[in-house]
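# Structural overview
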Amino acid sequence: MGSTFELQDELQALQDPSSYEIPNEHDFHDNDAAELLQRAVGSIAHSSDEITDPEIFDIFRSLLKHADAVPGPCMSKLLDSIASGFSTEIDAAVRDSQEEDQQAIMSHKTPLEMYAFLLNWFTAAADKVKSSGEGEVTPQPKARRGRGGRAGATRAPAKKPEEWTWVDQIPAALELFTKAMKLKTHRIWMTTPERDAFITCLTRPAYHIAENEQYMKAHHVKVNVYKVICVAVKHHGHALAAQINIMQALQYHEHLSEPMAECLSHLAKHFDHAQLGEEILREIAGKTFNAQDTKGPRAFSRFLVKFCEETPRSVLKQISVLLGHLDSESYPMRMAMVEVIGLLIRELSSAEDNNDATQTHKQIVGFFELLLSRTLDLSSYVRSKVLATLSRLCELRVPFPKQRLEITKHAVAMLEDKASTVRKAAVALLTKLIMTHPWGLMHGGPLNLEKWEGYYKEVKEKLEKLEDAVGKVVERGDEDEDEVKDGKEDEDDGESDEQTNDGDEEAESVANNDKRRNPANDDEMDVDAESHNAEDTMGDDEDSKTSQNRKSKKGKKSRKSVVDAVVITSEQEALAALESNEALYLRLRKKYYTEALAFIRMIEGSMEVITQLLASTNKAEVLEAMEFFRVTHVYEFDGAAVGIKRMLHLIWSKDNNQTSEDGKELKGVRSRLLECYRNLYFDPLPDMEPKQQVNRIAKNMIELTYDATLAELTSLEEMMKTMMEEDQVHHDIINKLWQVYSSTKPLPAYQRRGAIIILSMLALAKRSIVEEKVDVLLKVGLGKLGKADLMLARYTCVALHRLNGSAKKVKGSLLNKTLRLEMNNAIFRKLQEAIEHPCRSKDWFGMAEQAINTIYALGEHPGELCGRIIKNLTQRAFARRPQASQESAPVAEDPDAMDEDVQTGSASCAPASQISSTTQSAREPSGDQAAKDLGDAFQLSQLLFVVGHVAIKHIVFLELVEREWKRQKDEKDLAEKLAAGVNSPNKASKEAEELDQVAGNVEDEIGDRIAAVRETELLYGPQSLLAVYGPMLVHVCGSPHKFKNRTLRAAATLSFAKLLCVSSQFCDRHHHLLFKILETSKDPDIRGNIVIALGDVAVSFSNIIDENSNELYKGLSDDDLVVKKNTLMVLTHLILNGMIKVKGQLGEMAKCLEDEDPRISDLAKLFFTELSTKDNAIYNNLPDVISHLSTGEHGVNEEIFQSTMRYIFSFIEKEKQAENIVEKLCQRFRFSEDPRQWRDIAFCLSLLPFKSEKSVKKLIEGLQFYQDKLHEQKVFDRFAEILTKARSNKSANKPDTELDEFESILNEHRQQGEEDRAFEKRVESKKAAAKKKATRRSARKKVQEAEAETRQSHADDDDMYV
């Protein structure tokens, strides 16, 4: 057998095991595998050379060929036998190779090849082996000593037969291959092909095992695979074969990317063979990757990154050829190169054995430039990777100041990237840049702009002062030289000048040394380069002057005292020292501050964009923006406060199940917000006393209310409520807040207000907070302090309102958890006093509103108390004013008055933090008018305001009464049912339906009774107090020429609008007056209030407003931003909730999409987004929108029309809708004569997707309607775009004949149209020429006639004389 076994041929034949021929093949159906194996094992155990016996070898080959039929224990025994025989043969060959007997060495060739072949085959067949035994396993006999040594010396370990698995045997098998490669192969195999065949036979199993991803997860398997490959490469010339195998592994087995990189790194580090890695890098550099191929580039990219992590120096050597992949079509390769460049920068900057620092620095600078250039990559994945790489580089200990500023600049620019992943990475990079900034050495971490500008200014002044001092001393030295006549003095001056020059040289050398020490200096910002150059030039000029003076005055004798010479010398020595040390220090500091300020200003400039990102729909982006603002707040940036306040609105976010991105769990936005606020304001600081901690937290809570808008206070309320519900507010903090509120010390008004605001917020979650302190609220907020500060009284009313609890009403539920108090309670007496207390501040209206709310929330019979209040206010308002006081009192300006020709006072603009408690009398328009006015306009305003608010609150109270009656009735019915059920169960079941029907009828009766009270009694009942004021309000609102006071008109209009919500009869009779005021009022506040009121009226009586909705849409064209915003919000609410129908006015809403103010355009976009969720709402109204915006008085310019329609058409997604729109738009061409309309219709057609054949077919069918419009260039261009779109959407297997024919028809009609137009122009020009010619002819004829008449007259004259 030995003479016929050729390893290369056998390996070739083994490529297809099923067709592999074995001379003495055994059939395991006739023969038992265990018996055959036992015979072969015995032979091998006797002597390892027995493998050359054809019969024994064929048994092994037969078992391997039919491995799928061989039980696991037999395979285990087979492996043990082959491994022990192979190991024994290797040991024998090693021993014989130490002797000089070549014949003995050569005798091992065939057995070694056979064992290697069998083991190679076993690794391929092992995966088919069954793990549990199917037959009895005979114990293996003890190995006997064969030729060449003891068998079984290094037998592969085997587990119990039942538990045999191949993965446990792999390391031992691979170690055996490694052991075989320690042989001196050149002495056994004389020819290179034979030697290569043996090495291939040993290495192929390693590559085969590596192809299995599960095997490579085991560390001991992976390490042995590396060892086999590395030994083969290092000692047996396997490099070329390894290169081919590794490249194939990367191409076809994605999981081998990182293991192969580790293998090459292992080869370079432990076997000192880096050439293979470099060769593979060069081969990868030469490959080109297609954009459509994803698997290959991804594997190679992961390989490059891992290899660069392991051996960056090898990659650095080949980087010049690898950089070509930065322009690869495949984005994974570009991403890999970005990451590789980042790793190389890290390697170069952290290397300590840099021999050539300048060259290294240049390389780093070049790599940074490459990275920053990739921020403009077409792929968002690459741009994100660049930012992530730069973020990791921020952690380097080398600061790279110039590069940091460039990185910051690019990161700020990328905040407006279209991809959310890029924006998120940009925010994360900016956060990392702040946290790792290198400007904290002198003043700590904070980066407050104002402080750093102060530092810069201070250093600049010091530097200027120093330079001025240097200049003065030099000038004085020149004067002394002019006066001195002595040569010795000149020599002393010369020596001092030389010292000064030496000092300058020393300063320069210090700077140079500094530059040499820090190579990054070359790369820093040269902000003051010009001033430095100027200073150097000035110094050179001064040096040249002094040297000339020194030369010209040599040889003269001194006449001055020696003391003066000594003083001058010492001064100039000091000057030299100062110049050399302090000036350099100050210049470096100035540069340091300049760089820091540039960084701070860029970060501050980015905050506006990041604030907008807080409203992003991408959760990860919002979380990064929140972290950015948290960090900037910690580092004391000025703009962070705006972002922190804006973050507050995220409390309304719904935390869904946590999503994961890039394998990371994302915290919910709401929970992250609470964590941020706790971290910034509420978490205790270390090393602080508990009392100080409480004071600090309470102070932070109060400060959150300063200058807060209503929206911010609402969000803050929700956050405080959540924190209280989660028991995160300590009772000591609550006590401290009460202490601030009730303090007898003269505290700032806004501080006391802030305390009660926070307490009322916390009471939403825990009613007992205010229940225990009602007496304090009445004493402080509704006592002396509250009367002086009406805002404090207002927030105290809100806190008292919390006594009612905050349980929200469940729709359809009759359960009532509210608390009601007797009307003789002290709370109501105090509230009445607060409302009736004489006051002339506008803050009274807010306080009165909250007081009435509290009365209706807590009182059992609020109508009685409010009736008394209205009567008292009526008596006060209509009481005659004393004449004497009128005449004697000077006429003072009322800030609330507004005559037609007088500018409005500034009271309405006063900040909330200031207490407005003016007691000036109402302004008189004129002396005559004052005589006519019998009452006070402001007091009448107060009365009318209370009347209106009581009316609207009484409606709500009636609804509660209705609910309470229904609840009582429900309880009564339930008790009767239970009683009936106990008495007679059968009867109860029969009467159940009747009872339900009766209960329903009773509930309807209750509802009708309450509706009748609201409709007929409140405003028209003979005993109703409010009925008195309805006509009064109509009169005041309808007589603006009589009632000119601005506050009165505002209060009257608001109350009138509230009364319209009470009764449909009153609304139907008087709603036109409200629309008239909306149309004619010059006060934007009144118009804004009316718009909101109309929304409430529409909720109550939708049919009345629906009939007059056109009037409401006029508010969208209002000049005032607030009125426009209010109108848009009200219309959005009414339309989306189906309270009014859209009747062709959607075009006015569409105009708002392109409004100059972003708040209006954002609201309009939100409206259309929500409207698109309604069934076909946008599709049904689309023709009206196009008509409205295209032509007529409402039309917009072409550019705005296109951007608006582009947005609206984005909601047309259904193919059926698109087909119908094509048909309708084509028909529009028929009735339009204006080229502008043609262009608009063609543009709208081009916005449709044309994905189906029907759309294209309908377009072609409509050719007759637009064929005569194609001569218009823009119209034709739009149809060309449609053709391109249709071709791209057409299925590949369908011909282009129809589209080509359509294109030719379009071109033909276009040409025909152009010819017709040209012909028309020619005809018109000929007509014009003919007309001109006729005009000239008629003119000539007239001239001839005139001449003839003249001649005739002359002839008549001659006849007369004759």
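Everything below is about the structure shown above.
The paragraphs below set out a description of the structure included in this document. What you are looking at is a predicted structure, and each value in this text was computed from that prediction instead of being measured. (Residues numbered from 1 in each chain as written. Predicted model: local features only at pLDDT ≥ 70, side-chain atom pairs only at ≥ 80, totals over all residues. Heavy atoms only, no water.)

Per the secondary structure count, the protein chain includes 60 helices and 4 strands. Put simply, the protein chain has 1362 residues, and 47% of those count as buried. Of the roughly 69,300 Å² of accessible surface on the protein chain, a fraction of 50% belongs to carbon and sulfur atoms. (Helix = DSSP H or I, 4+ residues; strand = E, 2+ residues; numbered from the N terminus. Buried < 20%, exposed > 50% of the residue type's maximum accessible area, 1.4 Å probe, protein only. Areas by Shrake-Rupley, 256 points an atom, 1.4 Å probe, with all protein chains shown as cover.)

Right, let's get into the packing of helix 44 (residues 1026-1038) against helix 46 (residues 1064-1080). The N-to-C vectors of helix 44 and helix 46 enclose an angle of 20°; their axes lie 10 Å apart at closest approach. Between helix 44 and helix 46, the angle is such that the two are roughly parallel. Where helix 44 crosses over helix 46, the handedness of that crossing is left-handed. Each of Gly-1030, Val-1034, Cys-1037 and Gly-1038 in helix 44 lies in contact with helix 46, whose residues at this interface are Phe-1066, His-1070, Leu-1073 and Ile-1077. (Axes fitted to C-alpha atoms, helices over the stretch in contact; angles between N-to-C directions. Parallel < 35°, antiparallel > 145°, perpendicular 65-115°, else oblique. Left-handed = near helix turned anticlockwise from the far one by under 90°. Contact = heavy atoms within 4.5 Å.)

A separate point is helix 54 (residues 1198-1209). Taking 1.5 Å as the rise per residue, helix 54 with 12 residues should run 16 Å; its terminal C-alpha atoms sit 16 Å apart, in good agreement. The inward-facing, buried residues of helix 54 contact helix 51 (1146-1151), helix 52 (1158-1171), helix 53 (1177-1190), helix 55 (1215-1231), helix 56 (1235-1247) and helix 59 (1273-1289). Its side-chain oxygen placed 3.2 Å from the backbone nitrogen of Glu-1199, Asn-1197 serves as the N-cap of helix 54. (Expected span 1.5 Å × (residues − 1). Polar contact = N/O pair within 3.5 Å; in protein donor to acceptor, adjacent residues only side chain to side chain.)

What follows is about the packing of aromatic side chains. With the rule as written, the count across this model stands at 29 aromatic pairs. Ring plane angle 5° and centroid distance 5.8 Å describe the contact between Phe-303 and Phe-307, whose orientation is recorded as stacked. Taken as a pair, Phe-303 and Phe-307 lie in helix 15 (residues 295-310) at a separation of 4 residues, close to a single helical turn. Taking the relative accessible area as the measure of exposure, Phe-303 reaches 0% and is therefore buried. Where Trp-844 meets Phe-845, the ring centres are 5.2 Å apart and the plane angle is 85°; that geometry is what we call edge-to-face. (Phe/Tyr/Trp six-rings, centres within 6.5 Å; stacked < 30°, edge-to-face > 60°.)

One can find Ser-1081 in the loop between helix 46 and helix 47 (1084-1100). Excluding residues within four positions of it along the chain, Ser-1081 makes contact with Ile-1086 and Arg-1087.

On the surface, a nonpolar cluster with roughly 350 Å² of combined accessible area is contributed by Leu-441, Met-442 and Tyr-585. Here Met-442 is to be found in the loop between helix 21 (420-435) and helix 22 (449-483). (Patch = residues over 30% accessible without salt bridge, like charges linked within 9 Å, V, L, I, M, F, W, Y side chains within 5 Å. Salt bridge = Lys/Arg side-chain N within 4 Å of Asp/Glu carboxyl O.)

Moving on, we get to the pattern of salt bridges. Pairs can form between side chains of opposite charge whenever their charged atoms are close. In the structure shown here, the tally under the stated rule is 49 salt bridges. Put simply, Glu-627 and Arg-630 hold a salt bridge, and the shortest N to O gap is 2.8 Å. One end of the pair is Glu-627 and the other is Arg-630, both in helix 26 (residues 619-634) and 3 residues apart, which spans about a single turn. Looking at Arg-630, the relative accessible area reads 16%, which means it is buried.

By secondary structure assignment, the location of Asp-1118 is in the loop between helix 49 (1109-1113) and helix 50 (1121-1136). For the pair Asp-1118 and Gly-1088, spaced 30 residues apart in sequence, the C-alpha to C-alpha distance is 9.9 Å. Apart from residues lying up to four places away in sequence, Asp-1118 is in contact with Arg-1087, Val-1123 and Lys-1124. Only 2.8 Å separates the side chain of Asp-1118 from the side chain of Arg-1087, close enough to count as a polar contact.

Everything listed here is a matter of coordinates, which is why it stays silent on function.
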